[in-house]
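What follows is each chain in one-letter form.
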Amino acid sequence: MALARDHSTTHPAKRLKMTTATAAPITIALAQLPVSKAAVGENLQTHLAYIERAAALGANVVAFPELSLTGYELALLSQLAMPLNDKTFAALTAAAVATNTVVIAGCPLHNPDGKPYIAAVICLPKGEHTFYLKQHLHEGEDVYCAPGQESGFINVKGTRIALAVCADFTHPNHSAIAAAQQADVYVASALISPGGYAKDAELLAAIAQRHQFPVLLANHVSITGDWQTCGNSGGWNVGGELTIKANGTQPSLVLCHINHGALSGSVEVMANILNER
């Protein structure tokens with residue numbers, strides 16, 4: 001879970017970005033979905049339903065919460081950790097190819113040198129997949145996990161998207177590095193509780209205003225790892241304003257439209273679609 005800190009006293013950075021001026025509009029779908037404990041196969045099917053629906057609604061990217069494929073089950077991460085070529089990644093990559101979307105899903109990743117990583121698998125429509133490894137661990141996660149060392153970026157139709165996993169965004173250097181590396185959008189996959197949401201929302205709004213890029217949040221809705229979560233996935237514009245947000249813990253796709261740095265959006269309720277499966 002993210003540690004919320006308010007860094008809003010920092011003044012917004014003024015940057016000249018070439019990518020924003022030349023990029024085509026894109027839509028990033030934030031997937032707010034129910035997740036079952038350690039049930040990778042079941043969770044994968046839910047992911048695939050969300051990806052299919054998001055693509056039908058015009059999404060270029062579908063981003064899921066932290067550890068979305070397993071749930072936030074720290075004590076089980078060693079046994080749940082997936083190899084680089086896990087069949088789950090192959091299924092998600094096949095969906096990315098079939099729908100011409102980029103899929104970003106949360107997973108525990110096997111580390112041959114020690115404790116597993118909390119990772120985001122990035123599945124590309126050209127049939128490949130890669131990973132971003134969470135760099136900043138929440139207090140207590142270091143007992144079960146190792147931190148990553150490198151920034152995560154993807155480029156979609158000329159828009160440069162920086163990736164964060166939960167506690168990453170509580171460290172100001174993480175978003176500052178993203179800004180210095182010319183990010184156009186900052187996407188955070190997280191687990192946030194009802195009690196932590198207000199402070200984390202303030203922090204995410206401050207990041208958007210300081211660095212002058214939209215900031216998006218994909219959060220859980222299920223009880224996971226004994227944490228009650230609050231949903232409210234959404235996006236903040238460059239003024240730090242919450243432009244689009246899911247209705248609490250309602251299973252949803254939050255469709256965030258990015259057009260030359262401007263953020264707009266809509267919410268697609270997914271409960272009926274999931275009930276039909």
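Details of the structure are given in the entry above.
Residues numbered from 1 in each chain as written. Predicted model: local features only at pLDDT ≥ 70, side-chain atom pairs only at ≥ 80, totals over all residues. Heavy atoms only, no water.

Chemist: Lay out the overall build of the protein in plain terms, naming residues and giving numbers.
Modeler: Counting its regular elements, the protein contains 7 helices and 13 strands. Scaling as 2.2 N^0.38, a compact globule of 277 residues should have a C-alpha radius of gyration of about 19 Å, and the protein matches this with 17 Å. Along the first, second and third principal axes, the C-alpha set of the protein runs to 45 × 40 × 35 Å. Sorting the 277 residues of the protein into buried and exposed places 56% on the buried side. Here the analysis covers contacts within the protein between residues at least 6 apart in sequence; of these, 67% occur between residues at least 24 apart. Accessible surface for the protein amounts to roughly 11000 Å². Of this, 52% is attributable to carbon and sulfur atoms. (Helix = DSSP H or I, 4+ residues; strand = E, 2+ residues; numbered from the N terminus. Rg over C-alpha atoms; globule rule 2.2 N^0.38 Å. Buried < 20%, exposed > 50% of the residue type's maximum accessible area, 1.4 Å probe, protein only. Contact = heavy atoms within 4.5 Å. Areas by Shrake-Rupley, 256 points an atom, 1.4 Å probe, with all protein chains shown as cover.)

Chemist: Any chance you could break down the packing of aromatic side chains for me, citing the residues and the numbers?
Modeler: Applying the stated criterion across every chain yields a total of 2 aromatic pairs. Plain terms: the ring middles of Phe 89 and Phe 131 are 5.2 Å apart, the flat faces sit at 70 degrees to each other, and that makes the pair edge-to-face. Note that Phe 89 is positioned in helix H4 (residues 87–99) and Phe 131 in strand S5 (residues 129–133), a separation of 42 residues in sequence. Among the residues examined, Phe 89 registers a relative accessible area of 0% and is labelled buried. (Phe/Tyr/Trp six-rings, centres within 6.5 Å; stacked < 30°, edge-to-face > 60°.)

Chemist: Describe the environment of Tyr 186, and please don't skip the residues or the numbers.
Modeler: For Tyr 186, the position within the fold is in strand S8 (residues 185–189). C-alpha of Tyr 186 to C-alpha of Thr 249: the two residues are 63 residues apart in sequence and 22 Å apart in space. Residues in contact with Tyr 186, not counting those within four places in the same chain, are Ala 162, Ala 164, Asp 168, Phe 169, His 174, Ser 175, Ala 178, Ile 207, Phe 213, Pro 214, Val 215 and Leu 216.

Chemist: Give a description of the nonpolar core that names residues and reports values.
Modeler: By size, the foremost hydrophobic cluster in this structure holds 56 residues, and its most contacted members are Ile 28, Ile 161, Phe 169 and Tyr 186. Once you skip the residues sitting within four places of it in the chain, Ile 161 turns out to touch Ile 26, Ile 28, Val 61, Gly 152, Phe 153, Ile 154, Val 156, Val 185 and Val 187. Listed in part, the 30 residues of the second largest apolar core include Ala 31, Leu 33, Val 35 and Ala 105. (Core = buried A, V, L, I, M, F, W, Y, C linked by side-chain atoms within 4.5 Å.)

Chemist: Lay out the packing of helix H2 (residues 40–56) against H4 in plain terms, naming residues and giving numbers.
Modeler: One can describe the packing of H2 onto H4 by two numbers: an axis separation of 10 Å at closest approach and a directional angle of 10 degrees. Viewed along their axes, H2 and H4 adopt a mutual orientation that is roughly parallel. Within the contact between the two elements, H2 uses Val 40, Leu 44, His 47, Leu 48, Ile 51 and Ala 55 and H4 uses Thr 88, Ala 91, Leu 92, Ala 95 and Thr 99. Of the residues that constitute the contact of H2 with H4, the class distribution is 8 nonpolar, 3 polar and no charged. (Axes fitted to C-alpha atoms, helices over the stretch in contact; angles between N-to-C directions. Parallel < 35°, antiparallel > 145°, perpendicular 65-115°, else oblique. Nonpolar A, V, L, I, M, F, W, Y, C, P; charged D, E, K, R; others polar.)

Chemist: A description of the sheet that holds strand S2 (residues 61–63) should follow, citing residues and the corresponding values.
Modeler: Taken together, 7 strands build an open sheet; the order of strands is S5-S4-S3-S2-S1-S12-S13 and the sheet is mixed. The sheet is open, and its two edges are formed by S5 and strand S13 (262–269), each paired on a single side. Each adjacent strand pair in this sheet contributes to an overall mean axis angle of 25 degrees, direction not counted. Where H4 meets the sheet, it contacts strand S3 (102–109), strand S4 (117–123) and S5, and its direction lies at approximately 35 degrees from that of S4. (Pairing = 2+ DSSP bridges.)

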